Amino acid sequence: MLLASATACANDIPKADWSRGLLPEGITSQSDTIASLWNGAWIAALATGVVVIVLIVWACLFHRKSRAKAELPPQVRYNLPIEMLYTLVPLVMVSVFFFFTARDSRALEALPPNPDVKVKVEAFQWSWRFTTTVNGKTLQPVVGKPVSDYREGPQLVLPVNKRVEFDLESPDVIHSFWIPAFNFKRDVIPGIPETSKGRKFQVTTLNKPNVYAGRCAELCGVDHSRMLFNVKLVTQDEFDRYIATQTGSAQ
Ligand SMILES: [Cu+2]
């Protein structure tokens, strides 16, 4: 109750729908991959839990040691088929989880060359600096300061239906780059060399123009909660106009 009432104050909580497993509506093709992995995982875990609980209740109700009989019920030690079952069933379950997780992580961490837009994200105490490079032009960075409304934070403008690569860097402490509508966040850890793949990830934006909230998801100091920003998804035409109005340097 406290959690629900406390979070209701923030205006940047995306609408979470039961039909999407309480996740926000995704705005990248990757966010849909994550949503299916998450929903598949908890449905499978819930189903496993139900089977286990039913078996426990069944054993408690119908296989108790009765007061009248002093001897132990039949024991199943060294029963090969049952022991095989105990071993194989969990192994199969873990393998299924592992397969889907590994398959989707691979897809989410892929960094194919030549993204349409590159964004260097610098997280600092307590805001963000976004430097966008598109068609060989690097725009003047957008720098923010701590704010209490995400719409007043630094704005990252991105085109729809395009592949965007993010490169995360921090000069001070660990932050976490989180756009809830991406269904994804990644820690921004100081000291990771620029050549490291762990700093980068790519998304393909969907055709959903709007302004979306972003925040820091790692407690990083006194103004952590005001480390808000926003992502504005725009059509290609609008993006081209935006690029033209920005000063920048050709590379
Ligand atoms: Cu932070």
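Here is what the cut-offs are and how they apply
Residues numbered from 1 in each chain as written. Predicted model: local features only at pLDDT ≥ 70, side-chain atom pairs only at ≥ 80, totals over all residues. Heavy atoms only, no water. Helix = DSSP H or I, 4+ residues; strand = E, 2+ residues; numbered from the N terminus. Expected span 1.5 Å × (residues − 1). Contact = heavy atoms within 4.5 Å. Axes fitted to C-alpha atoms, helices over the stretch in contact; angles between N-to-C directions. Parallel < 35°, antiparallel > 145°, perpendicular 65-115°, else oblique. Nonpolar A, V, L, I, M, F, W, Y, C, P; charged D, E, K, R; others polar. UniProt positions renumbered as here; feature names shortened; annotations may be inferred. Buried < 20%, exposed > 50% of the residue type's maximum accessible area, 1.4 Å probe, protein only. Pairing = 2+ DSSP bridges.

Visitor: Would you explain helix 2 (residues 29-62) in this entry?
Guide: Along an α-helix, residues three or four apart share an orientation, since each turn contains 3.6 residues. The first and last C-alpha atoms of helix 2 sit 50 Å apart over 34 residues, in line with the 50 Å expected at 1.5 Å per residue. Summarising the contacts, the buried residues of helix 2 are in contact with helix 3 (80-109), strand 8 (184-188) and strand 9 (200-204).

Visitor: What is the right way to read the packing of helix 2 against helix 3 from this model?
Guide: Helix-helix packing is described using two parameters, namely the angle between the two axes and the distance between the axes. The N-to-C vectors of helix 2 and helix 3 enclose an angle of 170°; their axes lie 10 Å apart at closest approach. Considered as vectors, helix 2 and helix 3 are oriented roughly antiparallel to each other. Side by side, helix 2 and helix 3 meet where Gln30, Thr33, Ile34, Leu37, Ala41, Ala44, Ala45 and Thr48 of the first sit next to Met93, Phe97, Phe100, Thr101, Asp104 and Leu108 of the second. Split into classes, the residues belonging to the contact of helix 2 with helix 3 amount to nine nonpolar, four polar and one charged.

Visitor: Honestly, the UniProt feature "transmembrane region" (unreviewed entry) in the chain in this entry has me stumped. Any pointers?
Guide: If you check UniProt for "transmembrane region" (unreviewed entry), the listed places come out as residues 41-63 and 84-102 in our numbering. Taken end to end, residues 41-63 has its terminal C-alpha atoms 32 Å apart, with 96% of it in helix and 0% in strand. What you have in residues 84-102 is 100% helix and 0% strand, and the ends, taken at the C-alpha atoms, are 26 Å apart.

Visitor: Help me out: how do you make sense of the pairing of strand 1 (residues 117-124) in this one?
Guide: A regular strand places its side chains on the two faces of the sheet in alternate fashion. Counting buried positions over the eight residues of strand 1 gives six, a clear majority of the element. In this structure, strand 1 lies alongside strand 2 (residues 127-134), joined through eight bridges in antiparallel fashion. Residue pairing for strand 2: Val119 is matched across the bridge by Thr132. Taken together, strand 1 and the strand that follows it, strand 2, pair antiparallel across an intervening segment of two residues. Two strands pair when backbone bridges link them, and strand 1 and strand 6 (residues 163-169) are joined in this way by six bridges, in the parallel orientation. Bridging across to strand 6, Glu122 finds its partner in Glu169.

Visitor: Mind showing me how you'd approach the sheet that holds strand 11 (residues 228-234) here?
Guide: One open sheet holds the five strands; their spatial order is 5-11-10-7-8, and the pairing between them is mixed. Lying at the two open borders of the sheet, with one neighbouring strand each, are strand 5 (155-159) and strand 8. Along the sheet, successive strands turn relative to each other by an average axial angle of 25°, direction set aside. Pairing of strand 10 (residues 210-216) with strand 11, which is carried by six bridges, proceeds in the antiparallel orientation. Within the sheet, the bridge partner assigned to Asn210 lies in strand 11 and is Leu233.

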